[in-house]
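# Survey of secondary and tertiary structure
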Amino acid sequence: MRYILVFVVVMVISFGTYLATYLGAFKGVEISEVKQGPFKTIYIEHVGPYHKVNKVIGRVEAFMASQGTVCQRTFGEYLDNPREVEEARLRAKVGCLIETMPANAPEEMKEGEIPARDYVQAVFTGSPGIGPLKVYPRVEQYMEQKKLKQAGAGIEIYEIHSITEKAAMTTTYLFPVIPE
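Residues numbered from 1 in each chain as written. Predicted model: local features only at pLDDT ≥ 70, side-chain atom pairs only at ≥ 80, totals over all residues. Heavy atoms only, no water.

Quick look at the overall build of the protein now. Along the backbone of the protein there are three helices and nine strands. Each helix (α) and strand (β) of the protein, taken in turn from the N terminus, gives the series α-β-β-α-β-β-β-β-α-β-β-β. Classification of the 180 residues of the protein by burial places 37% in the buried group. Pairs at least 24 residues apart make up 76% of the contacts formed inside the protein by residues separated by at least 6 positions. If you sum the accessible surface of the protein, you get close to 11,400 Å²; carbon and sulfur atoms cover 56% of it. (Helix = DSSP H or I, 4+ residues; strand = E, 2+ residues; numbered from the N terminus. Buried < 20%, exposed > 50% of the residue type's maximum accessible area, 1.4 Å probe, protein only. Contact = heavy atoms within 4.5 Å. Areas by Shrake-Rupley, 256 points an atom, 1.4 Å probe, with all protein chains shown as cover.)

If you want it as structure tokens, here you go:
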């Protein structure tokens, strides 16, 4: 019985370590102040839990693919703070960064622009799924130390470097800032 318990504990620890490594929990976050933009976008407005935006992004990617264009960089512009707004009412704009807007885009897909401005930028090569746990607290700490105030929606730009390598993805987080 004791050996079974030890085996189970070792397996749980091993799986937890594997999962944390796979998701990028041990990877660093590069934080800097940059001037970025403007970025031209095609997006769909999403209302609801932020963890469900992936399917919406997929619809924009599928449309762009039907137009012969691959979305090299997808994005989410998260308009509400999940600590302050009920999950069912969270708003986001999600889609692709583009060069030109296709002429025959469906009505639900809108053209937009993320403006050029000063941002705190965080670059993370782990899973975007753990970004809120790993990246956001570090950015908040950085802004506090530098006496910066967030002045708009947080933006996440997702770039897949290789479809065959599961870990070949970079998420760039942009937080518009002004001095306090």
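Checked against the element boundaries, glutamate 33 lands in strand β1 (residues 29-36). The spacing of glutamate 33 and valine 177 is 144 residues in sequence and 9.1 Å in space, taken between C-alpha atoms. Setting aside chain neighbours within four positions, we find glutamate 33 in contact with Tyr119, Val120, Tyr142, Lys146 and Leu148. Side-chain polar atoms of glutamate 33 contact the side chain of tyrosine 142, separated by 3.0 Å. (Polar contact = N/O pair within 3.5 Å; in protein donor to acceptor, adjacent residues only side chain to side chain.)

Further remarks concern helix α2 (residues 54-66). Three or four residues apart is the spacing at which side chains of an α-helix point the same way, because the helix has 3.6 residues per turn. Here α2 is 13 residues long and its end C-alpha atoms lie 18 Å apart, about the 18 Å a rise of 1.5 Å per residue gives. Those residues of α2 that fall on the buried side of the exposure criterion are Val56, Ile57, Val60, Phe63 and Met64. Looking straight down α2, one finds that the buried residues subtend no more than 120° of arc, so they occupy a single side. Facing away from the buried side of α2 by more than 90 degrees, the exposed set consists of Asn54, Lys55, Ala65 and Ser66. Along its buried surface, α2 packs onto β2 (39-47), β3 (73-78), β4 (91-97) and β8 (154-160). Backbone geometry just downstream of α2 places glycine 68 in the positive-phi region, at approximately 80°. (Expected span 1.5 Å × (residues − 1). Arc of directions from axis to C-beta.)

Another point: helix α3 (residues 131-145). With 15 residues, α3 extends 20 Å between its outermost C-alpha atoms, agreeing within 8% with the 21 Å of an ideal straight helix rising 1.5 Å per residue. Among all positions in α3, only Gly131, Lys134, Val135, Val139, Tyr142 and Met143 are buried. Taken end-on, α3 shows its buried residues confined to a sector of 140°, consistent with a single buried face. Those residues of α3 that are exposed and aimed more than 90 degrees away from the buried face are Leu133, Glu144 and Gln145.

Aromatic ring pairs are described here by two measures, namely the spacing of the ring centres and the angle between the planes. Across all of its chains, the model carries three aromatic pairs by this definition. With centroids separated by 5.8 Å and ring planes inclined at 85°, the aromatic side chains of tyrosine 136 and tyrosine 173 adopt a geometry described as edge-to-face. Here the residue tyrosine 136 occupies a position in helix α3, and tyrosine 173 occupies one in strand β9 (residues 169-179), the gap between them amounting to 37 residues. Residue classification places tyrosine 173 among the buried positions, given a relative accessible area of 0%. Clustering of aromatic rings is evident, with ring pairs tying together Tyr136, Tyr173 and Phe175. (Phe/Tyr/Trp six-rings, centres within 6.5 Å; stacked < 30°, edge-to-face > 60°.)

Right, let's talk about the layout of surface pockets for a bit. Its boundaries defined by the atoms lining it, the largest pocket holds a volume of some 1,400 Å³. Mapped by element, the contributors of at least two residues to the lining of the largest pocket are α2, β3, α3, β7 (148-150), β8 and β9. Tallying contributions element by element places α3 first for the lining of the largest pocket, with eight residues. Residue composition of the lining of the largest pocket, grouped by class: 25 nonpolar, 10 polar and nine charged. (1 Å grid on protein atoms, 1.4 Å probe; cavity = no way out; pocket = protein on both sides within 12 Å on 5 of 7 lines; lining within 4 Å. Points joined across faces, edges and corners; volume = space filled by probe spheres on them. Nonpolar A, V, L, I, M, F, W, Y, C, P; charged D, E, K, R; others polar.)

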